[in-house]
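Chain and residue survey
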Amino acid sequence: MFNEPHPDEVRIISKRFGLPNSASIDTYLAHEGYVALMKAIEMSPEQIIDELKLSNLRGRGGAGFPTGLKWSFIPRDNPKPKYVVVNADESEPGTCKDRLLIQNDPHQLIEGCIIAARTIGCKKGYIYIRGEYRYLIDIMDKALAEAYAHGYLGKNIKGSGLDFDLYTHTGAGAYECGEESALLESLEGKRGVPRIRPPFPAVSGLYASPTVLNNVETFCTVPAVLRMGGQAYADIGTPKNGGTRMLCVSGHVNRPGVYEVPLGFPMQKMIYETCGGILNGKKLKGVIPGGSSSPVLKADECDFPMDYDNYARMKTMAGSGGMMVMDEDTDIVKVALRTMRFYAHESCGWCIPCREGTSWLRKILTRMDEGTGRRADIDLIHELAKNMLGRTFCPLGDAAAMPTIGFIEKFREEFEARLRETTMLATTPDQLISIN
Amino acid sequence: MSLTFTPETEKILQDIWSRYPEGRKRSAVIPMLMYAQDQLGVVTSELVAEVAKRCEVSPLQVEEVVGYYSMLNKKRMGKHHVQVCTNIACLLMGGEALWHHATKRLGIGHKEVTADGLISLEEVECAGACSWAPCVVDGYEYHHHVTIEKLDQLIDSIQKVH
Ligand SMILES: Cc1cc2nc3c(=O)[nH]c(=O)nc-3n(C[C@H](O)[C@H](O)[C@H](O)COP(=O)(O)O)c2cc1C
Ligand code: SF4
Ligand code: FES
């Protein structure tokens, strides 16, 4: 199932993936496991945060927020209990990396969580894993039991005086629960409806208490940062974009897979060298670069160093690292429709622009795809999507609108061609005669 | 009718309950429903009442949750719940053809069950297997790089065992 390591990769958080019994604590301990934690125990919380800031580690869940800064927002004098929450909801279409991190190296995630707990002074943490990943929950539960048995979890961790309990928590199928405030609602046993922010989770998160919430990959990177030192980690990437990232490449390439590469790795090289080029020698049409929420790039735009800032310069997003590659035969109207069907299905229905917008867009895109679209529909899709931007309660609304706008602006001719085709089909012989 | 869980399920439910702080037992609602549903095959009103009692919330609060999450089913699904992903990465690799093939072969649609109760189908959103697309999930078991032949083999093997 998993791709072979590729020489272009820089394997920091995936370096243990190929080892025998890579998920076991023995393998972990034999390969630098829990070394960073022992270091963290000797460090002050401020020192840990300083290393993270120095590392330029940015969140790997989607928004790319600097992790050190996020952790520094936790009010340390707040008397309330504090929490660590792992976002393992992984449901942004195109994304399949957190799965590998948990499956192959669950202790790395546990170590990252304990370091977070040490930093903010917290006693309890939860790993929120999407319900479909039951086999990963089983792997994680087993790893947690091993960590308890070895004294890395529970009371007085390795004689440090630190107490920390960590548990898995299963989701039950809802994309929206990947959004941090909806995830917290879900973790409290409610529907995944987002919360008004501010306050942000750092101040008022789980049970209205200060909470550090990060993506799986982000937590997994923390031990490496402390082990290597923040500066050494930062040096791997580009300025302000520290380290490596797990890129999930899917679609029409010869070697799809999840590859750990330095930030700033060239997209062209990724597609044509690391992934072995386009399937069947076809030409590239475009790439959805960072999960389904990120606006599409045309073939001639797919040549830039992949770091957060350059994705932004290309008017798209690094997002979740899910890169979907489309060959010249790809039907963009179909892809746009499938994308919108997803958002319409996953909209939690709380606010009108998102609920109505996604369902209208789905309807219009369906008739485009089925060949009963009208000329005005292309502009209508564009306008409807633009009107959703910034008008919704949580970022899901934008996540639905942005890729739609991208499809129309970048591939308008495909939508027009679909209309021409259908007009041809709708033309009866009689009409043809009268045209002549 | 009172609910009885198998000792394994009962153990998991109690373990789940113990994970959350005092006064925060509502957090256990979703995990308890998920693991209990695995045993019962469906979320019944007895289960709703039982979870509500254990988590110190009202049955209505549990019902609300059941209605929201796509993996909690009030309608009994098949012994094998076969989920076909047709989201973008799978769509690019033939996921839609798999879905159509499955519905045709079994004569059932989205969230429907075969007459013998053996298999149900669901067209699902991205299952987190995009780099190994297209993917089909049988219960909690992932199948990657699925072709029409492989899907047929999977259905054959389910039908043969029962
Ligand atoms: C609709 C929606 C879905 C999201 N899904 C996920 C997800 O599955 N996993 C994830 O880590 N972050 C997801 N995010 C981003 C989270 O809200 C949050 O920013 C992230 O988990 C923070 O972690 P990080 O700072 O380590 O990136 C989602 C955001 C939105 C708006
Ligand atoms: S934007 Fe969509 S998903 Fe977010 S709160 Fe509004 S309706 Fe719900
Ligand atoms: S799109 Fe099918 S698994 Fe991601």
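What you are looking at is a predicted structure, and each value in this text was computed from that prediction instead of being measured. (Residues numbered from 1 in each chain as written. Chains lettered and ligands numbered in written order. Predicted model: local features only at pLDDT ≥ 70, side-chain atom pairs only at ≥ 80, totals over all residues. Heavy atoms only, no water.)

Points about the layout of surface pockets
Basically, it comes down to this: Buriedness for pockets is judged along seven lines, at least five of which must meet protein on both sides within 12 Å for an open set on the 1 Å grid over protein atoms alone, while cavities are sets there where a 1.4 Å probe fits but cannot get out, and lining residues have an atom within 4 Å of a point. Grid points are joined across faces, edges and corners, and a volume is the space filled by probe spheres set on the points. Strands here mean DSSP runs of E at least two residues long; helices mean DSSP runs of H or I at least four residues long; both are numbered from the N terminus. Residues were grouped as follows: Ala, Val, Leu, Ile, Met, Phe, Trp, Tyr, Cys and Pro as nonpolar; Asp, Glu, Lys and Arg as charged; and all remaining residues, including Gly, as polar.
Computed from the structure, the second largest pocket encloses a volume of approximately 1,100 Å³. Lining the second largest pocket are 47 residues, and of these Ser70, Met71, Asn73, His81 and Glu122 of chain B lie nearest its centre. At 5 residues, helix H13 (residues 332-346) of chain A tops the list of elements feeding residues into the lining of the second largest pocket. Grouping the amino acids of the lining of the second largest pocket by side-chain chemistry returns 15 nonpolar, 16 polar and 16 charged.

Things to note about the site of ligand 1
Residues and elements named next belong to chain A. The cut-off we apply is this: What makes a residue near a molecule or strand is one non-hydrogen atom of that residue sitting within 4 Å of it. A 3.5 Å cut-off defines polar contacts: any pair of N or O atoms within that distance qualifies, except that in protein one atom must be a possible hydrogen donor and the other a possible acceptor, and neighbouring residues in sequence count only when both atoms are side-chain atoms. For every accessible area listed, the method is Shrake-Rupley and the probe measures 1.4 Å; residues are considered covered only by the protein chains on display.
Taken together, 20 residues lie around ligand 1, and Gly61, Lys70, Asn214, Asn215 and Thr218 are the ones closest in. In the environment of ligand 1, an oxygen atom lies 2.7 Å from a nitrogen or oxygen atom belonging to the side chain of Asn215. Alone, ligand 1 offers 610 Å² of accessible surface; in the complex the protein occludes 90% of this. It is strand E4 (residues 211-215) that contributes the most residues to the shell around ligand 1, 3 residues altogether. Each residue belonging to the shell around ligand 1 can be placed in one class, and the counts come to 4 nonpolar, 9 polar and 7 charged.

Topic: the nonpolar core
We count it as follows: Joining through side-chain atoms within 4.5 Å is the link that ties buried Ala, Val, Leu, Ile, Met, Phe, Trp, Tyr and Cys residues into a set, and such a set is a nonpolar core. When a residue's accessible area, from a 1.4 Å probe over protein chains only, is under 20% of the maximum for its type it is buried; when over 50% it is exposed; and in between it is partly exposed. It only takes one pair of heavy atoms within 4.5 Å for two residues to be counted as in contact.
Within the largest apolar cluster, 152 residues are counted, with the highest numbers of intra-cluster contacts made by Leu109, Ile110, Ile114, Phe164 and Phe415 of chain A together with Leu33 of chain B. At 10 residues, helix H16 (residues 396-426) of chain A tops the list of elements feeding residues into this core. If we skip the residues at most four places from it in the chain, Ile110 of chain A touches Tyr34, Met140, Ala143, Leu144, Ala147, Leu153 and Leu166 of chain A. If you look at the next biggest cluster of nonpolar residues, it comprises 24 residues, including Phe304, Met306, Tyr308 and Ala318 of chain A.

Regarding the environment of Gln37 of chain B
All names here are of chain B. Turning to its location among the elements, Gln37 is positioned in helix H2 (residues 29-40). Residue classification places Gln37 among the buried residues on the basis of a relative accessible area of 9%. Note: C-alpha distance between Gln37 and Pro7 (30 residues apart in sequence) is 15 Å. Every residue in contact with Gln37, bar those within four places of it in the chain, is listed here: Val42, Val43, Leu47, Met71, Leu72 and Asn73. Among the polar contacts made by the side chain of Gln37, one reaches the main-chain carbonyl oxygen of Met71 at a distance of 2.8 Å.

Observations concerning the confidence of the model for chain B
Which entries qualify depends on this criterion: Predictor confidence is given residue by residue as pLDDT, running from a minimum of 0 to a maximum of 100.
Looking at chain B as a whole, its pLDDT mean stands at 96, while 99% of the residues score no less than 70. Here the prediction assigns the complex a pTM of 0.96, and the interface score ipTM is 0.97.

Brief notes about the sheet that holds strand E3 (residues 119-124) of chain B
Residues and elements named next belong to chain B. The condition that has to hold: Strand pairing is assigned whenever DSSP detects at least two bridges linking the two strands. The axes are straight lines fitted to the C-alpha atoms, using for helices just the contacting stretch, and the angles between their N-to-C directions are given from 0 to 180°.
Taken together, the 5 strands give an open sheet; going across it, the order is E2-E3-E1-E4-E5, and neighbouring strands pair in mixed fashion. The sheet terminates laterally at strand E2 (112-113) and strand E5 (141-143), the two strands that pair on one side only. In the sheet, strand E1 (residues 80-85) pairs with strand E4 (residues 136-138) via 3 bridges, with the strands oriented antiparallel. Bridging across to E4, Val82 finds its partner in Asp138. Against the sheet, helix H7 (residues 148-161) contacts E1, E3, E4 and E5, and its axis sits at roughly 10° relative to E4.

Some points on the pairing of strand E2 (residues 124-129) of chain A
Residue and element names in this part refer to chain A. This is how it is decided: By convention, orient the strands away from the viewer: a clockwise path from the first strand over the helix to the second makes the crossover right-handed.
Counting buried residues in E2 gives 6 out of 6 residues, a clear majority hidden from the surface. Along E2, one buried face is formed by Lys124, Tyr126 and Tyr128 and the opposite face, lined by Gly125, Ile127 and Ile129, is buried too. The sheet contact formed by strand E1 (residues 83-88) and E2 spans 6 bridges and is parallel. If you follow Tyr83 over to E2, its bridge partner there is Lys124. Two strands pair when backbone bridges link them, and E2 and strand E3 (residues 165-170) are joined in this way by 6 bridges, in the parallel orientation. Bridge pairing in E3 links Lys124 to Asp165. Following the backbone out of E2, through helix H7 (residues 134-149) and into the adjacent parallel E3, one traces a crossover that is right-handed.

Focus: the interface of chain A and chain B
As a reminder, the rule being used: Two parts placed together each lose some accessible area; with a 1.4 Å probe, that loss summed over both constitutes the buried area. Only one rule defines a salt bridge in this text: a Lys or Arg side-chain nitrogen within 4 Å of an Asp or Glu carboxyl oxygen.
If you look at the interface, chain A gives 63 residues, while chain B gives 39 residues. Taken together, both faces of the contact between chain A and chain B bury some 4,300 Å²; the carbon and sulfur share is 58%. Across the contact surface, chain A and chain B share 4 salt bridges. In this structure, Arg191 of chain A and Glu64 of chain B form a salt bridge, with 3.8 Å as the shortest nitrogen-oxygen distance. The interface formed by chain A and chain B contains 23 residue pairs in polar contact (both at pLDDT 80 or more). Element by element, the count of residues in the side of chain A that touches chain B is highest for H13 of chain A, at 8 residues. Looking at the side of chain A that touches chain B residue by residue, the classes come out as 28 nonpolar, 20 polar and 15 charged.

A closer look at the domain arrangement of chain B
This is how it is decided: Each domain's limits were defined by an automated method or a database of domain assignments.
Split by domain assignment, chain B resolves into domain 1 (7-68) and domain 2 (80-161). Here the C-alpha centroids of domain 1 of chain B and domain 2 of chain B sit 29 Å apart.

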